[in-house]
Amino acid sequence: MYRRTLAVSLIASLAVVVVGAAGASASASPASASQASPWIHVRVTEGGDGAKVNVNLPLSMVDVAVDILEANEHFEHGRIRLGKLGHHRHGDIGVEDLRRAWKELRAAGDGEFVTVEDGDDRVVVSRRGSIVRVEVSDGDDEQVLVEVPVEIVDALLEGEGDELDVRGALQKLSETTRGQIVSVRDGETEVRVWIDESATQ
Amino acid sequence: MKLTALILVPLALAATLMTSHCMIVSVHEGGADGTNIVVPVPLVFAQAVLAVTPMPDEVRELRVPPEAERWLPVAGRLLEHLEGVPDAVLVSVEEGDERVMVRKAGDSLLVDVEDGDERVHVRVPVGAVADIVDKVSRGDIHPRHLVSALRQAPRGRLVHVRDGQDEVKISVY
């Protein structure tokens, strides 16, 4: 049941991301969804007789997804307004803090930016070339790897104040990103999300 | 003169039926010796009847629920965009005996569901549905739009449901 929930959650998340990502093509016409346009693919495989889910969507459809996001009160003109993201002993953490931290980290080049170890749980945020990697593992069978191009993070943090430029990030994703962006392994369940220019997997 | 009219009127009717879209609902129950019901509905007549028949209050007072109102333009844009998407399998799900496939083929979105002995095939003419959504989002709700959309739809089978020995088919020719 948990795995199914995980798979469904991921697909739902993807749907939202897809909607946003094609925001890239905010000006794209339906005809622009041609064979040469990028497609986002999701594959969820549960072990044994479990479910196999494949989703293939043209990234240009993400434009519509942005419209769906716009229905949210915190989302306006492709940008999402976030409040404080969390607390630490020096006070609240906001988007501005993230923006400053990213500026420093971006200038630092390759390396491990953040490593958190708590028992068997381990989170590592690192940069290799033009890719920011977020690796999460819990010591059992659960592993999450998210690979985001540096320019996507740049675009996301382009907003001002406590805004994140989701439309801009998705546009950049559509224009420049090809290859795997998310990989999740949880026991026998695997999830892959990738972008290429083929309509099939 | 009367004889000529007696021959020409049925011929004219038959010619109209043959040249206009006709929806055929076919229901089969109970295997080889079961019951067959076939109902042909000439869409041009259906549309004419709906145009002149006063709608009951329940239909005339139909309104889009407020919670659906803001999503209709999004649905319209999604359908409009879908028309331009190249043919491809968009979603496929397999789990045990269950299979679901959603694919774009030409002007249509095809949905196939299999679950043991049950089979469901639905062809959604994207352009025709987009037209309906557009009208409904402008508050224009009337059954004739459905008939009009069916007349625009590519000819062929729209729905095929098989559950064991029972079958329902809806086609437009």
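To be clear, the structure that these remarks concern was listed above.
Keep in mind that what you see is a predicted model, and the values were worked out from it rather than measured.

## Overview of the overall build of chain B
- A count of helical and extended segments in chain B gives seven helices and eight strands.
- A compact globule built from 173 residues would reach a C-alpha radius of gyration of about 16 Å, whereas chain B, at 20 Å, exceeds it by more than 25%.
- Structurally, chain B occupies a C-alpha span of about 65 × 45 × 35 Å along its principal axes.
- Counting every position in chain B, which comprises 173 residues, the buried fraction comes to 27%.
- Looking at chain B alone, contacts between residues at least 24 apart form 45% of all its contacts between residues at least 6 apart.
- Total accessible area on chain B is roughly 10,600 Å²; 61% of this is exposed by carbon and sulfur atoms.
- Across chain B, 18 positive and 26 negative side-chain charges occur, with their mean positions spaced 10 Å apart.

## Some points on the sheet that holds strand 11 (residues 163-165) of chain A
All names here are of chain A.
- If you walk across this open sheet you meet the three strands as 3-4-11, and the pairing is antiparallel. Every interior strand has two partners, whereas the edge strands, strand 3 (75-76) and strand 11, have only one.
- Bridge analysis of strand 4 (residues 79-81) against strand 11 gives three bridges, and the strand direction is antiparallel. Its bridge partner being in strand 11, Ile 80 is matched across the sheet by Leu 164.
- On top of the sheet, helix 5 (residues 166-176) reaches strand 3, strand 4 and strand 11; it is set at about 25 degrees to strand 11, its chief contact.

## A word on the interface of chain A and chain B
- Across the contact, 26 residues belong to chain A and 20 residues belong to chain B.
- Where chain A abuts chain B, roughly 2,000 Å² becomes buried across the two surfaces, and 59% of that area is made up of carbon and sulfur atoms.
- Summed over the shared surface of chain A and chain B, the number is zero salt bridges.
- Applying the counting rule to chain A against chain B returns five residue pairs in polar contact (both at pLDDT 80 or more).
- When contributions to the side of chain A that touches chain B are tallied by element, the ones reaching two or more residues are strand 2 (52-58) and helix 2 (62-70) of chain A.
- Ranked by residues supplied to the side of chain A that touches chain B, first place goes to strand 2 of chain A with seven residues.
- For the side of chain A that touches chain B, the residue count by class is 13 nonpolar, seven polar and six charged.

The rules behind the values
- Residues numbered from 1 in each chain as written.
- Chains lettered and ligands numbered in written order.
- Predicted model: local features only at pLDDT ≥ 70, side-chain atom pairs only at ≥ 80, totals over all residues.
- Heavy atoms only, no water.
- Helix = DSSP H or I, 4+ residues; strand = E, 2+ residues; numbered from the N terminus.
- Rg over C-alpha atoms; globule rule 2.2 N^0.38 Å.
- Buried < 20%, exposed > 50% of the residue type's maximum accessible area, 1.4 Å probe, protein only.
- Contact = heavy atoms within 4.5 Å.
- Areas by Shrake-Rupley, 256 points an atom, 1.4 Å probe, with all protein chains shown as cover.
- Lys, Arg positive; Asp, Glu negative; His and termini not counted.
- Charge placed at Lys NZ, Arg CZ, Asp CG, Glu CD.
- Pairing = 2+ DSSP bridges.
- Axes fitted to C-alpha atoms, helices over the stretch in contact; angles between N-to-C directions.
- Buried area = accessible area lost by both parts, 1.4 Å probe.
- Salt bridge = Lys/Arg side-chain N within 4 Å of Asp/Glu carboxyl O.
- Polar contact = N/O pair within 3.5 Å; in protein donor to acceptor, adjacent residues only side chain to side chain.
- Nonpolar A, V, L, I, M, F, W, Y, C, P; charged D, E, K, R; others polar.

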